[in-house]
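Structural characterization, general
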Amino acid sequence: LKSSNDILTVQSIAPYLRGKAADFFLDVRKTVTSTNTIAKELAAGGACEGTVIIATEQTEGRGRMGRSFYSPASGLYMSIILRPKLNLEDSLLITTGAAVAVAKAIENLTGRDVQIKWVNDLFMDGKKICGILTEASLNVENGGLEYAVLGIGINVCTKDFPENIKDIAGSIFTEKPKDEPITSILAANVLNNLADTLDNLTDKTYLEEYKKRSFLLGKDINVIKGSNTFTAKAIDIDDRARLIVKYPDSSTEALTSGEVSIRLSNQQDSKND
Ligand code: BTN
């Protein structure tokens, strides 16, 4: 069997869905601009919770803070429309819950460990293999979320990354296993885990799983806010998924993801990670 066995369709994913994930509405496309952009349009038009846009390639994949997300055909890109009963400040729980759900799906499939870099990056063997982008729309009347779009991009088997990210980006497989529809299984496993995690977001038990995989804790880091960089130590992740950092003067700060970028002190800067 060849890797043509790995074509992604609703029919190829559905048999692997279980429990509540079987109730998701899947919309699988080949090449799109950005699954998040499409999902946001659909959500604004009233699409229901559990609508999932999946694509095998993106021409305008987006990352955090206006960055692009390299999205060739060797990856898996998906966006899920959520209508959670959360305040804007708790929307960080969606990203962190999703990070654990995706990490477990990848660990299960590959038998290898996945580390999480607060707040939305997944790493394997020191390389970024997945990014998560949650975009929310606020209901101005009650301050709650109108909807959230949870976007997940996984490098499944990308070999050649562009020059600017080739030292930091990696893939979960160097070769796809040939006898299995591996991308479909991965998509279903992610959705299965997400259905469980998203259902229990506010009980926060998954935060322990998150911390266990977090490789920033205990490390010296640079906190980048706009054009300012501050050195600090990452000391904890609190129950609202904020990163607690301690500065050299012993003051502490709870960081939300918004405008903050984190680097290990010895890590090189890059605009596309
Ligand atoms: C990041 O690393 O900064 C986040 C990357 C998020 C990428 C995913 S791929 C699916 C969805 N569609 C997008 O355009 N972005 C997200």
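I will try to describe carefully the structure that is included in this document. (Residues numbered from 1 in each chain as written. Predicted model: local features only at pLDDT ≥ 70, side-chain atom pairs only at ≥ 80, totals over all residues. Heavy atoms only, no water.)

1. Thoughts on the overall build of the protein chain
Stated precisely, the cut-off is as follows: By definition, any uninterrupted DSSP run of H or I lasting at least four residues is a helix, any uninterrupted run of E lasting at least two residues is a strand, and each is numbered from the N terminus. Within these notes, the globule rule equals 2.2 Å times the number of residues to the 0.38 power, and the radius of gyration is based on C-alpha atoms. Throughout, exposure labels follow a simple rule: accessible area from a 1.4 Å probe, protein chains only, divided by the maximum for the residue type, with under 20% read as buried, over 50% as exposed, and the rest as partly exposed. The contact criterion used is simple: two residues touch if any of their non-hydrogen atoms lie within 4.5 Å. For the accessible areas, the method is Shrake-Rupley and the probe is 1.4 Å, while residue cover comes only from the protein chains on display.
Secondary structure assignment for the protein chain yields five helices and 12 strands. By the compact-globule yardstick of 19 Å for 273 residues, the protein chain fits well, its C-alpha radius of gyration being 18 Å. By principal-axis analysis of the C-alpha atoms, the protein chain measures approximately 60 × 45 × 30 Å. Here the protein chain, with 273 residues, has 54% of them falling under the buried criterion. The contacts of the protein chain with a sequence gap of at least 6 include a subset with a gap of at least 24, amounting to 63%. For the protein chain, the accessible area works out to roughly 12,700 Å², and carbon and sulfur atoms hold 48% of it.

2. Focus: the nonpolar core
Where we set the bar: Here, nonpolar core means buried Ala, Val, Leu, Ile, Met, Phe, Trp, Tyr and Cys residues that are tied together by side-chain atoms lying within 4.5 Å of each other.
Counting residues in hydrophobic clusters, the biggest one holds 71 residues, and the most contacted among them are Ile152, Ile154 and Leu191. Residue contributions to this core peak at 11 residues, all from helix α3 (residues 92–110). Those residues in contact with Leu191 that sit more than four places away from it in its chain are Leu17, Ala21, Phe24, Leu26, Val52, Ile54, Met78 and Ile80. Within the second largest apolar cluster, 10 residues are counted, among which are Val32, Ala47, Ile53 and Tyr147.

3. Topic: the site of the ligand
How we decide: When we say a residue is near a molecule or strand, we mean one of its heavy atoms is within 4 Å of it. Whenever a nitrogen or oxygen atom comes within 3.5 Å of another N or O atom, the pair is scored as a polar contact, on the condition that within protein one atom can donate a hydrogen and the other can accept it, and that pairs from neighbouring residues in sequence are kept only if both atoms are in side chains. Here a cavity denotes grid points, spaced 1 Å and computed from the protein atoms alone, that fit a 1.4 Å probe unable to get out, and a pocket denotes an open set having protein on both sides within 12 Å along at least 5 of 7 lines; residues with an atom within 4 Å of a point are the lining. For this analysis, a molecule is said to be in a pocket or cavity if more than half of its atoms are within 2 Å of the grid points defining it. All residues other than Ala, Val, Leu, Ile, Met, Phe, Trp, Tyr, Cys, Pro, Asp, Glu, Lys and Arg, Gly among them, are scored as polar; the first ten of these are nonpolar and the last four charged.
Around the ligand, a shell composed of 21 residues is seen, among which Ser34, Gln58, Arg62, Arg64 and Lys128 lie nearest. The side chain of Gln58 places a nitrogen or oxygen atom 3.0 Å from a nitrogen atom of the ligand. Within the backbone of Arg64, a nitrogen or oxygen atom sits 2.7 Å from an oxygen atom of the ligand. Relative to its free-state accessible area of 410 Å², the ligand is covered by the protein chains to the extent of 98%. More than half of the atoms belonging to the ligand lie within 2 Å of the grid points that define the largest cavity. Residue assignment for the shell around the ligand shows that the elements contributing at least two residues are α2 (35–44), β3 (75–82), β6 (127–138) and β7 (145–155). The biggest single contributor to the shell around the ligand is β6, with four residues. Taken together, the residues of the shell around the ligand sort by class into six nonpolar, 11 polar and four charged.

4. So, the side chain of Thr158
Secondary-structure assignment places Thr158 in the loop between β7 and α4 (182–199). Separated by 2.7 Å, the side chains of Thr158 and Ser74 make a polar contact. Apart from residues no more than four positions distant in its own chain, Thr158 is found in contact with Tyr70, Pro72, Ser74 and Ser171.

5. Section: the sheet that holds β7
Applied cut-off: When DSSP finds two or more bridges between two strands, those strands count as paired. The angle between two axes is taken between their N-to-C directions and runs from 0 to 180 degrees, where each axis is a line fitted to C-alpha atoms and a helix contributes only its stretch in contact.
The strand order across the open sheet built from seven strands is β1-β2-β3-β7-β6-β5-β4, with neighbouring strands paired in mixed fashion. Strands at the two margins of the open sheet, each flanked by one partner only, are β1 (25–32) and β4 (115–117). Within this sheet the neighbouring strands show an average axis-to-axis angle of 20 degrees, counted without direction. Across the sheet, α4 is in contact with β1, β2 (51–58), β3 and β7; its angle to β3 comes to roughly 30 degrees.

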